[in-house]
Amino acid sequence: QVQLVESGGGLVQTGGSLGLSCVASGRSFSSNAMGWFRQTPGKESEFVAAISGSGLTTTYGNFVKGRFTVSRDNAKNTVFLQMNSLKPEDTAVYYCAARFGINEVGVDRSEYDYWGQGTQVTVSS
């Protein structure tokens, strides 16, 4: 069983930055690839970023275009999402997710086994 708790969401102006964190409970955190997804009301869940268990591989959604960086600290069971140059269309609830026991990144929500409760990010224009 893995529990995930996100933090760091909030309100920011267009062009600003926010850093999200997700702390995982349980052992063997470094064995789990971690992902970030986001969702707005009435829209499908959207892949944001993912990082392999080792931290050596990252991948991003097409819309990111170099603005976000995903990283992890396996000693602290934490994955991060640094978001820069934020736009109003980045407004969403952001969720972290874990691929239990799988090192490789995934881009589809069906590949993830555990989810956090989400944190709201609001970008004002």
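Criteria and thresholds
- Residues numbered from 1 in each chain as written.
- Predicted model: local features only at pLDDT ≥ 70, side-chain atom pairs only at ≥ 80, totals over all residues.
- Heavy atoms only, no water.
- Salt bridge = Lys/Arg side-chain N within 4 Å of Asp/Glu carboxyl O.
- Helix = DSSP H or I, 4+ residues; strand = E, 2+ residues; numbered from the N terminus.
- Buried < 20%, exposed > 50% of the residue type's maximum accessible area, 1.4 Å probe, protein only.
- Contact = heavy atoms within 4.5 Å.

> Outline the pattern of salt bridges, listing residues and values.
Two side chains carrying opposite charge are able to pair once their charged atoms lie near each other. Per the stated rule, a full pass over the model turns up four salt bridges. In this structure, Asp90 engages Arg38 in a salt bridge whose closest nitrogen and oxygen atoms are separated by 2.8 Å. Of this pair, Asp90 sits in the loop between strand 8 (78-83) and strand 9 (92-99) while Arg38 sits in strand 4 (residues 33-39), placing them 52 residues apart in sequence. Of the two residues, Asp90 and Arg38, both sit in the buried class. Between Arg67 and Asp90 there is a salt bridge, with its nearest N and O atoms 2.7 Å apart. In this pair, Arg67 is assigned in the loop between strand 6 (58-60) and strand 7 (68-73) and Asp90 in the loop between strand 8 and strand 9, connecting sequence segments 23 residues apart.

> An account of the environment of Trp115 is requested, with residue identities and associated values reported.
Its location among the elements puts Trp115 in strand 10 (residues 114-115). According to the relative accessible area criterion, Trp115 is partly exposed, its value standing at 27%. Residues Trp115 and Asn32, 83 residues apart in the sequence, show an inter-C-alpha distance of 13 Å. In contact with Trp115, not counting residues within four places along its chain, are Leu4, Phe37, Tyr95, Cys96, Ala97 and Arg109.

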